[in-house]
Amino acid sequence: MTALSSETSELAQGEPLVVLDHVDKWFGDLHVLQDINLTIKRGEVVVVIGPSGSGKSTLCRAINRLESINKGSITLDGKKLPEEGKALAQLRAEVGMVFQSFNLFAHKTILENVMLGPTKVRKHKKADAEKKARELLDRVGVGQQAAKYPAQLSGGQQQRVAIARSLAMEPKVMLFDEPTSALDPEMIKEVLDVMVDLAHQGMTMIVVTHEMGFARTAADRVIFMADGAIVEENTPEEFFTNPKSERAKDFLGKILKH
């Protein structure tokens, strides 16, 4: 891994990078995000967990403006999220997003998929974009597959390509929305291993996941959501061994028995 960019240098680490201030979101009558206050610092790994329907994915998508919010504000690196247009496209280039589905272009090779953002959005020279893309594909362990098409790869390999594609844009923060939930069990570890490596290398990450092992080992902080609200937040050690709220105790009791 190359040295991290000055963006995530030691000096900058620990400064607020993503700030949600009194954020509310409704879908019709359903109050899906309720007065969310959350600050994610540069270089921090925050894992968001909670029961289905608790607002985790909506929270993640709001940070990328894939979901609009009704009240409050979200800032990235001190700048308020733009509503639309060119400024929004520029913001999205700063925020990498990896979904459950891999969303790769089926008619383009793996290499072309990873080069697309840097050449089209960042206007990098093709040769530079290709060099970077190959480095990233090597880094996530699929360098040998560069000439193949997505359909020729396993789900786990495709998701690792999706991570490389996001990294190619040199984002300030990476959002992961249930990145392993569509994968077969044997493929989950290979994707989580890449994410753990990213965490260790100082990437700012917000991860919505059901993978409690990842939350325990890679998170700096665990956010527990239920019914659209942040119920509890703590270090992984404290949260898993000594949850404070009844909702968290109940949730952990159900999932850790399996």
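Cut-offs applied
- Residues numbered from 1 in each chain as written.
- Predicted model: local features only at pLDDT ≥ 70, side-chain atom pairs only at ≥ 80, totals over all residues.
- Heavy atoms only, no water.
- Axes fitted to C-alpha atoms, helices over the stretch in contact; angles between N-to-C directions.
- Helix = DSSP H or I, 4+ residues; strand = E, 2+ residues; numbered from the N terminus.
- Parallel < 35°, antiparallel > 145°, perpendicular 65-115°, else oblique.
- Left-handed = near helix turned anticlockwise from the far one by under 90°.
- Contact = heavy atoms within 4.5 Å.
- Polar contact = N/O pair within 3.5 Å; in protein donor to acceptor, adjacent residues only side chain to side chain.
- UniProt positions renumbered as here; feature names shortened; annotations may be inferred.
- Pairing = 2+ DSSP bridges.
- Patch = residues over 30% accessible without salt bridge, like charges linked within 9 Å, V, L, I, M, F, W, Y side chains within 5 Å.
- Areas by Shrake-Rupley, 256 points an atom, 1.4 Å probe, with all protein chains shown as cover.
- Salt bridge = Lys/Arg side-chain N within 4 Å of Asp/Glu carboxyl O.
- Lys, Arg positive; Asp, Glu negative; His and termini not counted.
- Charge placed at Lys NZ, Arg CZ, Asp CG, Glu CD.
- Buried < 20%, exposed > 50% of the residue type's maximum accessible area, 1.4 Å probe, protein only.
- Core = buried A, V, L, I, M, F, W, Y, C linked by side-chain atoms within 4.5 Å.

Right, let's get into the packing of helix 4 (residues 126–139) against helix 5 (residues 155–167). Between helix 4 and helix 5, the least distance of the axes is 9 Å, while the angle of their chain directions is 140°. Here helix 5 runs oblique to helix 4, going by the angle between their axes. The two elements helix 4 and helix 5 meet at a crossing, and its hand is right-handed. Between helix 4 and helix 5, the contacting residues are Leu136, Leu137 and Arg139 on the first element and Val161, Ala164 and Leu167 on the second.

This part covers the side chain of Gln158. Looking at the secondary structure, you find Gln158 in helix 5. At 3.2 Å, the side chain of Gln158 forms a polar contact with the backbone oxygen of Pro150. Setting aside residues up to four positions removed in sequence, Gln158 forms contacts with Phe102, Leu104, Pro150 and Leu153.

The next subject is the UniProt feature "domain: ABC transporter" (unreviewed entry) in the protein chain. This chain's UniProt record puts "domain: ABC transporter" (unreviewed entry) on residues 18–252. When the span residues 18–252 is considered, its composition is 39% helix and 26% strand, and the gap between its end C-alpha atoms is 27 Å.

Attention now goes to the sheet that holds strand 5 (residues 79–80). Pairing within the open sheet is antiparallel, and its 4 strands lie in the order 2-1-4-5. The open sheet is flanked by strand 2 (30–41) and strand 5, the only strands paired with a single partner. Sheet topology places strand 1 (residues 16–27) next to strand 4 (residues 71–76); 5 bridges connect them, and they run antiparallel. Residue Leu20 lies in a different strand from strand 4, and its bridge partner there is Ile74.

Take a positive patch on the surface next. Taken together, Lys86, Lys120, Lys123 and Lys126 make up a surface patch of like positive charges. Relative to the assigned elements, Lys120 resides in helix 3 (residues 110–120).

Turning to the pairing of strand 9 (residues 221–226), a few remarks are in order. Burial runs high along strand 9: 6 of the 6 residues are buried. Of the strand pairs in this sheet, strand 3 (residues 45–49) and strand 9 are connected by 4 bridges, and their pairing is parallel. Paired with Val46 across the strands is Arg221, a residue of strand 9.

The phi torsion at Arg65 lies on the positive side, around 60°, for a residue other than glycine. Considering the arrangement of structural elements, one finds Arg65 in the loop between helix 1 (56–63) and strand 4. With phi around 55°, Asp77 is a residue other than glycine that occupies positive phi space. For Asp77, the location among the structural elements is in the loop between strand 4 and strand 5.

Here the focus is the nonpolar core. Core analysis: the largest hydrophobic core is formed by 52 residues, its most contacted members being Ile163 and Met205. Ranked by the residues each element gives to this core, the list is headed by helix 6 (residues 185–200), at 9 residues. Contact partners of Ile163, with chain neighbours within four places excluded, come to Val98, Met174, Phe176, Val191, Val194, Met195 and Leu198. Listed in part, the 28 residues of the second largest apolar core include Leu17, Ile63, Met97 and Ile223.

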